[in-house]
Structure formats: structure tokens, C-alpha cells
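# Examining the three-dimensional arrangement
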Amino acid sequence: MELDVVGLSDASQLVYSTLVGLRPSTASEVADACGLRLGTAGRYLSALVKDGLATKAAGRPPRFTAAAPDVAVTELIHERERQLDAARSVVRQLAEKHREARRISDPNIAVELITGHEDISAAVSRLTASARRQLRAFDRPPYVERPGSNLENQRRRQHVGVGHRVIYDRAAVAWPGRLRDDILPSVRIGEEARVREKLPLKLVIADDRWAVIPFSLATGGHSVAYLVHRSPMLAALEALFEAEWERATPVRDTKPPAGGTGGPDADTLALLGLLASGCTDAAIARTQGWSQRTTQRRIQRLMTELGAATRFQAAAQAARRGWLH
């Protein structure tokens, strides 16, 4: 039995594994079974009782019984995991101090490599919390967090004057729940959002001071990221963002105005917003919960109503009528 990973010495393991196979036994009986001196066996038995791995029954002489391994040893494993988590937290704090010290001593360090989901998430959180004027981002799959999980933090940042400009990859708009639960609610609380057919990378820029480029070495999440400090590389990333922003299509709010009458219904507004954002039929169907056939029929009916030959013309005609805002 190998229990040194949970803090038991070889001798403690010997006494415990022996006790597991015995009926309630005295220290003398355990010592004989283990081939140890009585005093030595007694000390280890007392330690096992203290750690919850054995119980001691009153009597003369007292008798010892092993605690059930699936309960007692599992609890020791949980305790060791808690200790390891605490140690990892300390290491992350020390690593952050180490990075800051290196930045102070060598301001020419432009890019840092960050590994691990937790460290990347912490870096992005620090970066977004440090923004004072604006956050700019390229948004594309894959995602680690569920859609909409960051809305409240975004609302607080915007409340204190931090603008948000986000360019979404078309795959992000088509991602299940992303448009309904994240993108459109973000637009409604003040985010400026646009869509591009394809973005080259994921990116978050805080003011003109920091940027994070997360990327994935395996499916299912981000395992590596670059933290870019103020440098020519950061200036290049800012220029890339602004160039893509100019080419991107604005995301329209599809929420019908309160108390509005005479205009299109909510489904039509949603369809117009999705068309204006460049969504495919499949993405529209998935977002709205329609079949592919229903989606195509609604699009054709809308284009006929607006007198449009193309989807772009349909969006333009709707904008002229004030249906998009």
C-alpha cells in the first residue's frame, strides 16, 4: 500500500495496513503482527488515531481498530488536495511578483508566455479590470466560459466609463447561445459590436497598455496565451484591430421598442438583425430555434416585403424604415 502521497511514513503505512486486517487489537498484538517493538507500535497507533485512521476503545489494555479506508484515506486525500491548491495559489502570487520584478528590471520585455487555464483566466481578469478608457477584443471560439457569464462585470466597467468595442467572428455568432445570451445583451448595455467573416486570432486589448492573445494547443480550451506589454508589437495589434473594425459589419439590436406599434414583430426584428450581422441560414435557424426550411421561407418573405433582391439590400431597406437601431 503506497500512502506516502497523503503524508504517511512507511512505518505508519505498515501499522495501518496491518491493523486493517485485524480484529480490535491491543498495541502488543499489533506490535507482534508488525514485527515492531511495543513502544514503537504504540507511538504509531497514537498517530493513526490522531489522523482519524484508527479508533481507540477504552479498556485495560485499550484496543485499536482501523477506520474504514474508503472514508479515512479519502479524507486524507482531500486534505492533501486542499494543501496543494493553497500551494498553487501561493506559487501564482509569487510568479506574478516575479514577472513584475522582471518588468521593472528589464522594461524591454515585450511578451510573456502564460500557461494553464487558471493563470490565463487570471491574466485576462487583471487586464480587463485595469482598463480605464476602453477594451477592444476579437471574439471567436472555442470558449471556456458559458455565454453571458461576464455580462455583470461588463456592465460595471461600462458604468464607470470603460467603452467596449468587440469584433465577433461569424463562428462566434453561430455558437449555440452566444448571440441570444451574450452578444445582443451586451449591445443593449452599450457595447459596440461588429461581425467579420473570419478573425485571425482571439485578442483582448486594455487601453493602449496591455493585450492578451489566448490560443489553444488542444480542443476544448485555451492552454497558452501571450501577454503583450506596451511595445511596437502592441501598436501593431491595435492597428490590426482598427483595420478589422473598419471592415466589419455592425451588429444591430433586435429588441423591439417598448410600446411600439405598427412595426415588425419580434421575430422579424431578430431575423433582420441576424441578416445584418452576416449570419448564415444555419446560424439563424439555430439561434431562433427554427427549421432550415422555415428560416429560408421567412427570409424570402421578408425580402419580398422590403422589395430587396439581396440580403444586404434587405438590411439597408429595414434601416431606412427605422426597423434597425
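Located above this text is the structure these notes cover.
Residues numbered from 1 in each chain as written. Predicted model: local features only at pLDDT ≥ 70, side-chain atom pairs only at ≥ 80, totals over all residues. Heavy atoms only, no water.

### With respect to the overall build of the protein chain
- From N to C terminus, the protein chain includes 13 helices and 10 strands.
- Among the 325 residues that make up the protein chain, the fraction classed as buried is 41%.
- Of all intrachain contacts in the protein chain linking residues separated by at least 6 positions in sequence, the fraction that spans at least 24 positions is 65%.
- In the form shown here, the protein chain has an accessible surface area of approximately 18,100 Å², with 53% of it arising from carbon and sulfur atoms. (Helix = DSSP H or I, 4+ residues; strand = E, 2+ residues; numbered from the N terminus. Buried < 20%, exposed > 50% of the residue type's maximum accessible area, 1.4 Å probe, protein only. Contact = heavy atoms within 4.5 Å. Areas by Shrake-Rupley, 256 points an atom, 1.4 Å probe, with all protein chains shown as cover.)

### A closer look at unusual backbone geometry
- Cis geometry marks the peptide bond from arginine 60 to proline 61; its omega dihedral reads -10°.
- In this model, aspartate 207 sits at a positive phi of 50°, which is unusual for a non-glycine residue.
- Topologically, aspartate 207 is positioned in the loop between β7 (203-206) and β8 (210-215).

### Description of the packing of aromatic side chains
- According to the stated counting rule, one finds two aromatic pairs in the structure shown.
- Ring plane angle 20° and centroid distance 5.9 Å describe the contact between phenylalanine 241 and tryptophan 245, whose orientation is recorded as stacked. Of this pair, phenylalanine 241 and tryptophan 245 both sit in helix α9 (residues 232-247), four residues apart, which is roughly one turn of the helix.
- The buried category is assigned to tryptophan 245, whose relative accessible area is 5%.
- An aromatic cluster of three or more residues is present, and its members are Phe138, Phe241 and Trp245. (Phe/Tyr/Trp six-rings, centres within 6.5 Å; stacked < 30°, edge-to-face > 60°.)

### Concerning the sheet that holds β8
- Taking strand neighbours across the sheet as the criterion, the eight strands line up as β3-β9-β8-β7-β4-β5-β6-β10 in an open arrangement whose pairing is mixed. A single partner strand is all that each edge strand has here, and the edge strands are β3 (111-115) and β10 (249-250).
- Bridge count between β8 and strand β9 (residues 224-229): six bridges; the pairing is antiparallel. Residue pairing across strands places tryptophan 210 opposite histidine 229, the latter belonging to β9. (Pairing = 2+ DSSP bridges.)

### Focus: helix α11 (residues 281-288)
- Within α11 the residues assigned to the buried category are Asp281, Ala283, Ile284, Ala285 and Thr287.
- Close packing links the buried residues of α11 with α7 (170-174), α8 (178-188), α10 (266-276), α12 (292-306) and α13 (311-320).
- One or two positions beyond α11, positive phi appears at glycine 289, with a value near 75°.

### A look at a nonpolar patch on the surface
- Taken together, the side chains of Val111, Leu113, Tyr226 and Met233 define a hydrophobic patch exposed on the protein surface, amounting to about 360 Å² of accessible area.
- Mapping methionine 233 onto the fold places it in helix α9.
- On the basis of relative accessibility, which here comes to 44%, the residue methionine 233 falls in the partly exposed class. (Patch = residues over 30% accessible without salt bridge, like charges linked within 9 Å, V, L, I, M, F, W, Y side chains within 5 Å. Salt bridge = Lys/Arg side-chain N within 4 Å of Asp/Glu carboxyl O.)

### Describing the pattern of salt bridges
- For the coordinates displayed, the defined rule picks out 13 salt bridges.
- Arginine 63 is paired through a salt bridge with glutamate 29; the nearest N and O atoms lie 3.3 Å apart. Taken together, the positions of arginine 63 in strand β2 (residues 63-66) and glutamate 29 in helix α2 (residues 27-34) put the pair 34 residues apart, joining distant regions of the chain.
- Owing to a relative accessible area of 37%, glutamate 29 belongs among the partly exposed residues under this scheme.
- Of the charged contacts in the structure, one is a salt bridge between glutamate 152 and arginine 155, with a shortest N-O distance of 3.6 Å. Residue glutamate 152 and its partner arginine 155 are both found in helix α6 (residues 151-159); the two are separated by three residues, about one turn of the helix.
- The partly exposed category is assigned to glutamate 152, whose relative accessible area is 43%.
- Overall, arginine 155 belongs to the partly exposed group, its relative accessible area being 42%.

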